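The residues making up each chain are set out below.
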Protein chains: 2
Amino acid sequence: MNSNIKLIHTNIVYSEDRNRLAVYTDSYIVVEDGRVKGIWSELPEEYKNLPMKDYGDAVLIPAFSDLHVHAPQYLNRGLEMDLLLSDWLDKCTFPMEAKFADAEFAKLVYDAFIDDMIANGTMHACVYGTIHTEATSYLIERMNSKGIKGFVGKVNMDRNAQADLLEDTSESIRDTEAFLEKYSGNKNTKPIITPRFAPTCTREQINGLGKLGKKYGIGMQTHLVESIWEAEQARLLFPECSCDTEIYERAGLMDNGPVIGGHFIFPSEDDIRILRMYDGYAVQCPDATISVIAGIMQTGALLDRGMKIGLGSDISAGHHIGVFTQAARAVQLSKLKEFYEPEGNRKISFPEAFWMATKQSGELFGGTGSLEPGSVFDALVIDGLSDAARKLKPEQVAERFCYLGTKENIIARYMNGEELSQAL
Amino acid sequence: MNSNIKLIHTNIVYSEDRNRLAVYTDSYIVVEDGRVKGIWSELPEEYKNLPMKDYGDAVLIPAFSDLHVHAPQYLNRGLEMDLLLSDWLDKCTFPMEAKFADAEFAKLVYDAFIDDMIANGTMHACVYGTIHTEATSYLIERMNSKGIKGFVGKVNMDRNAQADLLEDTSESIRDTEAFLEKYSGNKNTKPIITPRFAPTCTREQINGLGKLGKKYGIGMQTHLVESIWEAEQARLLFPECSCDTEIYERAGLMDNGPVIGGHFIFPSEDDIRILRMYDGYAVQCPDATISVIAGIMQTGALLDRGMKIGLGSDISAGHHIGVFTQAARAVQLSKLKEFYEPEGNRKISFPEAFWMATKQSGELFGGTGSLEPGSVFDALVIDGLSDAARKLKPEQVAERFCYLGTKENIIARYMNGEELSQAL
């Protein structure tokens, strides 16, 4: 046996499928070359001589994936949360993003953002930068060197925002191409094409990005039908398209790699048809959509139609960088959705929410988000969630963690099979 | 000057009125005999020789009030949160409450509950026990000895629940009278009459409680129009009453002291008229009402009509014992309320939510919940919420604490002017 084998003893919970948690009490998990080899209640003879890490009553779960997050808005989290989208963009978001012209400022923020993300158990992420190439380059380099599997986009926008956030269209395409070229060979964190959203992008810009997508074989993230206002703007600014999603489809932006559509709260049947056709992800960001955006995704109904759905912290429309909190919030919001719009909607279960936040979204990042054999071992050990008067079952620990946990409940973190230093 | 004077230097935030936070940067607060004497940016000559506690960049805020919480459900928090009210009552809540026939078990739970409440910054509370006199007596004695200002009710229920939670009606009245008599002289935590809610109480029981209220001059807490189902049950079981609230009014239960109505999500005009007439509090429990109860209080509209509103953690329909988290959630839900029911509803501001959780509800407990001169000094020092790259203003710290804070951000707690030991 070589030194790339690790043995851990504890309780284990992961999503077996959309509706069911796999629960292993008092069990052994073997990790070989960064991937799960197997889980046993009795340790097989061949592993008996391995040094064992014993977490006792704690619970091992997969690390989380954040499918929609704005790194430059990190300093704004939990502030001015009583504004609504358009005011909030103008007063908080755009002025903050403009500061990322200063690469030194960006470094400070991005270092803190990345550390906090990992501290909160997120090891895979689809991240928005700003229009600024230097700042966004630092972000992708730093995430890549920290081992975070994911995608980072240099944001594109050439209309309808404050002047210092608007790009010259051809310069925007040139900068984006340089960014894609420079980082497409990254091992962990790869570039992704990121038109902000329809209201701030011209057809010329989107078409230019479509050509880059094809040339480099790179996918796209954007905000899709995130608000009634945004959906209306899309129709108004792109009258040749039947829906928001078609704007990107027409430019060929959905042909080349993963497609990640943030929010997806007010889709038409055409939006749903197109996003499903390209096997794209719709990203629910529960806190964001009840803070600065009003509306709730039809999560249960879309899951039942086979839509891929992940969760996003959406810092800083959402306030908490831990995606685990959004699994709890997704369950809560599904009940309100059913209450207010009973037609066709249903509440989702906790196992469904956990699955969206781990296994379903982990598939985007090369077979992680699970602890079944063969999965990349990106995992968290959580503890301190039982009460003295009541010992919880492992699946109850996982649920309480999503509702009540903090990063302090994460007592160990593994990435690609290696334990991360506690000094985050 | 005597030893009952304390001097603290830091930043200070409290609710000046419903719409405005009072903010004092880099200031001095003097506390005399447990009450705020004044706040100064330059320390007056007479206090210059006092020993000073300096919290530097931290922020001093009032302690919070929890106007609706079930102590016996403490162990259930954050579990089975994907159920809805009736299933959740039958599967989780009632079986847990039945265990409080065992007073030894109750002590373990209530000790943990009280410590966690204080750790999370709540120093005033309206608390439900169970039907069990011995367990509930321990709860009120313990809260009283810990200095928590508040009310504890022995719960009354004599129909429509599992057999071991149903009381014989006359025994229920006798037990309640003994409880009221024994504890009405308490200094901090006083007894309150607590019919669970209309579906589980007979007219005979409610009338009997009404007589006790009058005899002892004691108020009432209950669940009022918390769900469509509950409002319907009230009409069905008490056809002589025009609304849920009238059931208690008719029994004289609203004539004798504070009236606290939990949830108040589906009030008729009659419910609103009656509760306002008796100057009662409606209690919004945001997380609870989007977890096991579906619905959102018309908070903004009721505030504009002069209704007193406080916030409740509603453990364990709500999952987080910190009322500060519910101030954030109240803002979020007000936006959804406006989105789904625009007629007459509006979003509330963060200052309004903070005011409900501190000053407005603190009035119930003898002039606390504020830091204006004369207020009882129940206060928290919060810290660790700014970023290295951005120092927040004190009012921003208060907002971020409500959205993102944990008990670890509370670095000191004062009750009646005395600092509490850190060993909670």
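Everything numeric in this text was worked out from a predicted model, so none of it was measured.

About the cut-offs
- Residues numbered from 1 in each chain as written.
- Chains lettered and ligands numbered in written order.
- Predicted model: local features only at pLDDT ≥ 70, side-chain atom pairs only at ≥ 80, totals over all residues.
- Heavy atoms only, no water.
- Pairing = 2+ DSSP bridges.
- Helix = DSSP H or I, 4+ residues; strand = E, 2+ residues; numbered from the N terminus.
- Axes fitted to C-alpha atoms, helices over the stretch in contact; angles between N-to-C directions.
- Buried < 20%, exposed > 50% of the residue type's maximum accessible area, 1.4 Å probe, protein only.
- Contact = heavy atoms within 4.5 Å.
- Core = buried A, V, L, I, M, F, W, Y, C linked by side-chain atoms within 4.5 Å.
- Left-handed = near helix turned anticlockwise from the far one by under 90°.
- Nonpolar A, V, L, I, M, F, W, Y, C, P; charged D, E, K, R; others polar.
- Least-squares fit on C-alpha atoms with pLDDT ≥ 70 in both.
- Domains from an automatic or database assignment.
- Buried area = accessible area lost by both parts, 1.4 Å probe.
- Parallel < 35°, antiparallel > 145°, perpendicular 65-115°, else oblique.

1. Brief notes about the sheet that holds strand S6 (residues 122-128) of chain B
All names here are of chain B.
Alright, step 1. Taken in spatial order, the four strands make up an open sheet running S5-S6-S7-S9, and their pairing is parallel. Unpaired on one side and paired on the other, strand S5 (64-70) and strand S9 (189-191) mark the two borders of the sheet. Taken pair by pair, the neighbouring strands of this sheet meet at an average axis angle of 20 degrees, ignoring direction.
Alright, step 2. Sheet topology note: the S5/S6 ladder contains five bridges and is parallel. Counterpart to Val69 in the pairing with S6 is Val127.

2. Quick notes on unusual backbone geometry
All names here are of chain A.
Alright, step 1. Omega for the bond connecting Ile315 with Ser316 falls within 30 degrees of zero, at 5 degrees, which places this linkage in the cis form.
Alright, step 2. Within the fold, Ser316 resides in the loop between strand S14 (308-311) and helix H11 (323-340).
Alright, step 3. In this structure, Asp314 is a non-glycine residue whose phi angle is positive, near 45 degrees.
Alright, step 4. Locating Asp314 in the fold gives a position in the loop between S14 and H11.

3. Section: the environment of A:Ile12
Residue and element names in this part refer to chain A.
Alright, step 1. Locating Ile12 in the fold gives a position in strand S1 (residues 5-17).
Alright, step 2. Overall, Ile12 belongs to the buried group, its relative accessible area being 0%.
Alright, step 3. Separated by 115 residues in sequence, Ile12 and Val127 have C-alpha atoms that sit 29 Å apart.
Alright, step 4. Aside from chain neighbours lying at most four places away, what touches Ile12 is Ala22, Val23, Tyr24, Ser27, Tyr28, Ile29, Ile39, Leu60 and Leu371.

4. Let's talk about the pairing of strand S15 (residues 379-382) of chain A
Residues and elements named next belong to chain A.
Alright, step 1. Of the two faces of S15, the one lined by Ala379 and Val381 and the one lined by Leu380 and Ile382 are each fully buried.
Alright, step 2. Bridging between S15 and strand S16 (residues 410-415) involves four bridges; their strand directions are antiparallel. Note on S16: the bridge partner recorded for Ile382 is Ile410.

5. Thoughts on the nonpolar core
Alright, step 1. Residues A:Phe113 and A:Phe264 are the most contacted members of the largest nonpolar core, which totals 124 residues.
Alright, step 2. For this core, the element with the highest residue contribution is helix H2 (residues 103-119) of chain A, accounting for eight residues.
Alright, step 3. For A:Phe264, the contacting residues outside a window of four places in its chain are A:Leu224, A:Val225, A:Thr245, A:Asp271, A:Ile272, A:Leu275, A:Ala282, A:Met297, A:Leu302 and A:Met307.
Alright, step 4. Core analysis: the second largest hydrophobic core is formed by 122 residues, A:Leu165, B:Tyr110, B:Tyr248 and B:Val331 among them.

6. A look at the packing of H11(A) against helix H12 (residues 350-362) of chain A
Residues and elements named next belong to chain A.
Alright, step 1. Relative to each other, H11 and H12 sit at 145 degrees, their axes nearing to 9 Å. Seen along the crossing, H11 lies across H12 with a hand that is right-handed. Contact residues: H11 offers Val323, Ala327, Ala330 and Val331, while H12 offers Phe350, Ala353, Met356 and Ala357.
Alright, step 2. Here the contact of H11 with H12 is built from residues that sort into eight nonpolar, no polar and no charged.

7. Looking at the relation of the copies chain B and chain A
Alright, step 1. Screw-axis analysis of chain B against chain A gives a translation of 0.0 Å along the axis, an RMSD of 0.0 Å, and a rotation angle of 180 degrees. Here the transformation between the copies is reduced to the relation of a two-fold axis. Among all residues of chain B, the minimum C-alpha distance to the rotation axis is found for B:Tyr340, at 3.6 Å.
Alright, step 2. When the interface residues of chain B are mapped onto chain A, 100% of them again lie at the interface, so the same face is used by both copies.

8. Overview of the domain arrangement of chain A
Residue and element names in this part refer to chain A.
Alright, step 1. Along its sequence, chain A is carved into domain 1 (5-62 + 370-419) and domain 2 (64-365).
Alright, step 2. Relative placement of domain 1 and domain 2: their C-alpha centres are 30 Å apart.
Alright, step 3. Each partner contributes to the interface: domain 1 provides 29 residues, whereas domain 2 provides 28 residues.
Alright, step 4. Interface of domain 1 and domain 2: buried area, both sides summed, is about 2,400 Å²; carbon and sulfur atoms make up 65% of it.

9. Focus: the environment of B:Asp383
Alright, step 1. On the secondary structure map, B:Asp383 appears in the loop between strand S15 (379-382) and helix H13 (394-404).
Alright, step 2. It is 5.3 Å that separates the C-alpha atoms of B:Asp383 and B:Asn409, two residues lying 26 residues apart in sequence.

10. Quick look at the packing of helix H3 (residues 133-146) of chain B against helix H4 (residues 169-183) of chain B
Residues and elements named next belong to chain B.
Alright, step 1. Here H3 crosses H4 at 20 degrees, and the two axes come no closer than 11 Å. Between H3 and H4, the interaxial angle falls into the category roughly parallel. Note that H3 runs across H4; the crossing there is right-handed. Here Thr133, Thr136, Ser137, Ile140 and Glu141 of H3 come into contact with H4, specifically with Asp175, Phe179, Lys182 and Tyr183.

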